[in-house]
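Read off the chains here:
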Amino acid sequence: MSVLPAAFADLEEFADWALPSEGDRYAKRLASTMDELQHFYDVAFPRLTESTDYLKSVPLEGISDEDRNLLWLFSSLVTVSFPVEVWRQPRVPESGAASVDVVVEPVP
Amino acid sequence: MAKFAKPADGSWTEHFGLDTAPVSYADSIDPAHYEVEREAIFKKTWLNVGRMEQLPRTGAYFTRELDVAGTSVVVVRDSAGTPRAFHNVCRHRGNKLVWQDYPREETSGVCRQFTCKYHGWRYDLEGALTFVQQQKEFFDLDMSEFGLVPVRCEVWAGFVFVNLDDDAQPLVDYMGQMGADIADYPFEKFTQVHKYRAEVGSNWKLFIDAFMEFYHAPVLHAKQAVDEESRKLQEVGFEALWYDVDGDHGMVSSWGGMAPPKDENMVKPIERVLRSGLFGVWDAPDIGIEELPPGLNPAGHKAWGIDSFLFFPNFMILVWKPNWYLTYHYWPTGEGSHIFEGTLYFVPPTNAYERLQQELAVVTFKEYALQDGNTLEATQSMITSGAVDTFPLCDQEVMLRHLHTVARRYVDDHVKATAPESPVSISAAS
């Protein structure tokens, strides 16, 4: 069963990244290997780049379930961009056991 | 070579009448000193506990656990629409009045009255006791004598504050000229809220120290910029555009040329695609003001990026050039620990792209906070060792010096006022 808009069928393999909470997205990043993060980034980043006009055309008010899932998937890409573009590891370097947890966030 | 002008006195530190000697951090490791801070500072000063948007209508309420001041408060919008605060305790047998599932956790909601879970005593939104279960069983109970215990509650620029000292000066006076000069910023327009919380293993003042200087930024956060840019930042170092002090409060004004950057190759690929980053969304939303309030960008500099205000003791507001702001709160839980809250406020996004732009700013904030928080635990552990007991602070760390000076003055004054005959031994701290 597809969870994303039809035009984004190629991202269905990453449907489990469509998580509504930043806390869950970050936890999934920490639980992933760099190979998994790199693969997600390599496939999804070009799709984000070419989809900015589409995303601008999607109002948040009354957003469909499929577009909402796409928004959460790209939100995960935002979190995954840090290990891939900068850290070369899932966790923030020098962050040790520190945690900074989301307690209030908008939906969407 | 100074890039930005300093006061004619030569340094910011001397300009504000502060000494330039190395600073003792005994005020951040001593349990006895911390206990005095609780009495002298946190039970005497105005504490920000929320915003009016959290109380959108009559009966809306939230609770705040103020461990540092030894109480929990419930803040509610009363029948007349005015916010009020009460100690969160039932007058019958002392049960916590408002909580859900876990008595130590904060909660919020909307109600017509408060009903105690224990024996069903009820209070109206003005705090008056309105119902006593089996009232006839009591002995001459005058209900008018058993209302909720009020706590001072006042509002500045939509921010709701409480003060446990009934004799405290009015909030508007406490916020001073520094507050007055930014009060007209349209804080109420930023209703898209992301709030983060962290338990940090350091004294509360140390995290404020980290956020009231940017001297650390080119080093600790070096990898957050692309390599070439990072090298340039470290070579140049950091100089603020402006510092200011108003009584117990202080501010630092900084440049910030990254939103948008001069050259897009300076930033990471995700930032180029989403046109956003640490400094916020590059495309600033309309917030309906012609010009900034006088307290923002006090140097009037074209490179201005962000102003960081510390309203003593534990409330910071950061206003960013591309029309958003965030707040920091530091709630002490011991001499070597506190709870940090960082809350980001944006104009509500209208489409999925704008939502992602804000998400990048939010996540970037979190990545930085993770680095900052962990570094503090390393600092706390080593100042506690006592191997080194004074530390040289530079002119770009003037706001730290001011904070510690003000906090120590509250403690010293309290000790003098309360124990004239046998002073409490906190000599290490003063």
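None of these values were measured; they are calculated from a predicted model.

Regarding the interface of chain B and chain A
Thought 1: Taken residue by residue, the interface counts 31 residues in chain B and 32 residues in chain A.
Thought 2: At the level of elements, β12 (192-200), α7 (269-274) and α8 (352-385) of chain B are the ones that each hand at least two residues to the side of chain B that touches chain A.
Thought 3: With 15 residues, the single largest contributor to the side of chain B that touches chain A is α8(B).
Thought 4: When the residues that make up the side of chain B that touches chain A are grouped by side-chain class, the tally is 14 nonpolar, 9 polar and 8 charged.
Thought 5: Here strand β1 (residues 101-104) of chain A pairs with β12(B) via 3 bridges, running antiparallel. From the neighbouring strand, A:Val104 faces β12(B), where its bridge partner is B:Lys195.

As for the sheet that holds strand β4 (residues 71-77) of chain B
Residue and element names in this part refer to chain B.
Thought 1: Taken in spatial order, the 7 strands make up an open sheet running β2-β11-β10-β5-β4-β3-β6, and their pairing is antiparallel. Lying at the two open borders of the sheet, with one neighbouring strand each, are β2 (47-51) and β6 (108-110). Strand-to-strand twist in this sheet, taken as the mean axis angle between neighbours without regard to direction, amounts to 30°.
Thought 2: Here strand β3 (residues 60-66) runs beside β6; their pairing, made up of 3 bridges, is antiparallel.

Quick look at the confidence of the model for chain B
Predicted coordinates in areas of low pLDDT are best not read in detail.
Thought 1: Per-residue confidence for chain B averages 91 on the pLDDT scale, and 92% of its residues sit at or above 70.
Thought 2: Scoring of the predicted complex yields 0.93 for pTM and 0.98 for ipTM.

Details of the environment of B:Val49
All names here are of chain B.
Thought 1: Here Val49 is to be found in strand β2.
Thought 2: With 156 residues separating them in the primary sequence, Val49 and Lys205 have C-alpha atoms 18 Å apart.
Thought 3: With near-sequence residues (within four places) excluded, Val49 lies in contact with Arg64, Val73, Val75, Val160, Phe161 and Val162.

A word on the pairing of strand β14 (residues 249-255) of chain B
Residues and elements named next belong to chain B.
Thought 1: Here β14 lies mainly inside the structure; 7 of its 7 residues are buried.
Thought 2: Neither face of β14 is open: one carries His249, Met251, Ser253 and Trp255, the other Gly250, Val252 and Ser254, and all of them are buried.
Thought 3: Here 5 bridges tie strand β13 (residues 242-246) to β14, and the two strands are oriented antiparallel to one another. Bridging from a neighbouring strand, Val245 pairs with Gly250 of β14.
Thought 4: Count of turn residues in the β13/β14 antiparallel hairpin: 2 residues, of which Gly247 carries a positive phi of about 60°.
Thought 5: Looking at chain direction, β14 and strand β17 (residues 304-311) are connected through 6 bridges and run antiparallel. Among the inter-strand pairings, Val252 is bridged to a residue of β17, identified as Ser308.

Section: the nonpolar core
Thought 1: Formed by 139 residues in total, the largest nonpolar core has its most connected members in A:Leu73, B:Val73, B:Val74, B:Val75, B:Phe207, B:Leu310 and B:Tyr325.
Thought 2: Looking at which element gives the most residues to this core, the answer is α8(B), with 11 residues.
Thought 3: Lining this core are residues from two domains, each supplying at least three of them: domain 1 (15-41 + 177-418) and domain 2 (47-167) of chain B.
Thought 4: Residues contacting A:Leu73, with those up to four places away along its chain left out, are A:Leu4, A:Leu11, A:Phe14, A:Trp17 and A:Ala18.

Some remarks on the sheet that holds strand β9 (residues 129-131) of chain B
All names here are of chain B.
Thought 1: Within the open sheet, the 3 strands sit side by side as β7-β8-β9. Their pairing is antiparallel. Two strands lie at the open edges of the sheet, namely β7 (114-115) and β9, each paired on one side alone.
Thought 2: Both β7 and strand β8 (residues 122-123) contribute to a ladder of 2 bridges, which runs antiparallel. Note on β8: the bridge partner recorded for Thr115 is Arg122.

A closer look at the pairing of strand β20 (residues 337-346) of chain B
Residues and elements named next belong to chain B.
Thought 1: One ladder, built from 9 bridges, connects β12 with β20; its direction is antiparallel. Pairing of Arg197 across the sheet is with Glu341, part of β20.
Thought 2: For strand β19 (residues 324-334) and β20, the ladder comprises 9 bridges, and the chain directions are antiparallel. Directly across from Trp331, in β20, lies its bridge partner Ile339.
Thought 3: Counting the residues that bridge the hairpin from β19 to β20 gives 2 residues.

Some details on the environment of B:Asn323
All names here are of chain B.
Thought 1: Note on placement: Asn323 falls in the loop between β18 (315-320) and β19.
Thought 2: For Asn323, a count of 20 C-beta atoms within 10 Å corresponds to the buried category.
Thought 3: When the C-alpha positions of Asn323 and Phe346 are compared, they lie 7.8 Å apart, and in sequence the two are 23 residues distant.

A look at helix α2 (residues 34-50) of chain A
Thought 1: The first and last C-alpha atoms of α2(A) sit 24 Å apart over 17 residues, in line with the 24 Å expected at 1.5 Å per residue.
Thought 2: Taken as a whole, α2(A) carries its principal kink of about 30° at A:Ala44; the proline A:Pro46 stands between one and four residues after it.
Thought 3: Among all positions of α2(A), only A:Leu37, A:Phe40, A:Ala44 and A:Leu48 are buried.
Thought 4: The elements touched by buried residues of α2(A) are α1 (22-30) and α4 (65-87) of chain A together with α7 of chain B.

Brief notes about the domain arrangement of chain B
As a measure of interface size, the accessible area lost when the parts come together is often cited.
All names here are of chain B.
Thought 1: What the domain assignment reports for chain B is domain 1 (15-41 + 177-418) and domain 2 (47-167).
Thought 2: Each of domain 1 and domain 2 has a C-alpha centre, and the two are 32 Å apart.
Thought 3: Each partner contributes residues to the interface: domain 1 has 11 residues there, and domain 2 has 8 residues.
Thought 4: A per-element tally of the side of domain 1 that touches domain 2 places β19 first, with 4 residues.
Thought 5: Split into classes, the residues belonging to the side of domain 1 that touches domain 2 amount to 5 nonpolar, 4 polar and 2 charged.

Observations concerning the environment of B:Thr418
Residues and elements named next belong to chain B.
Thought 1: Among the secondary structure elements, Thr418 is positioned in helix α9 (residues 398-418).
Thought 2: Classification of Thr418 as exposed rests on a count of 12 C-beta atoms within 10 Å.
Thought 3: Between the alpha carbons of Thr418 and Ile41 there is a distance of 14 Å; along the sequence they are 377 residues apart.

Here's the deal with unusual backbone geometry
Excluding glycine, most residues fall at negative phi; most peptide bonds, likewise, are trans.
Thought 1: Residue A:Pro108 follows A:Val107 across a cis peptide bond; omega there is -15°.
Thought 2: With an omega of 5°, the peptide bond running from B:Phe312 to B:Pro313 counts as cis.
Thought 3: Residues other than glycine seldom take positive phi values, yet B:Gln134 does so here, at roughly 50°.
Thought 4: Mapping B:Gln134 onto the fold places it in the loop between β9 and β10 (150-156).
Thought 5: Of note in the backbone geometry, B:Ala157 takes a positive phi value of approximately 50° without being a glycine.

How each quantity is defined
Residues numbered from 1 in each chain as written. Chains lettered and ligands numbered in written order. Predicted model: local features only at pLDDT ≥ 70, side-chain atom pairs only at ≥ 80, totals over all residues. Contact = placed C-beta atoms within 7 Å. Helix = DSSP H or I, 4+ residues; strand = E, 2+ residues; numbered from the N terminus. Nonpolar A, V, L, I, M, F, W, Y, C, P; charged D, E, K, R; others polar. Pairing = 2+ DSSP bridges. Axes fitted to C-alpha atoms, helices over the stretch in contact; angles between N-to-C directions. pLDDT = per-residue confidence, 0-100. Buried ≥ 20, exposed ≤ 12 C-beta atoms within 10 Å, placed from the backbone. Core = buried A, V, L, I, M, F, W, Y, C linked by C-beta atoms within 7 Å. Domains from an automatic or database assignment. Expected span 1.5 Å × (residues − 1). Bend = angle between axes of the 7 residues up to and from the residue.

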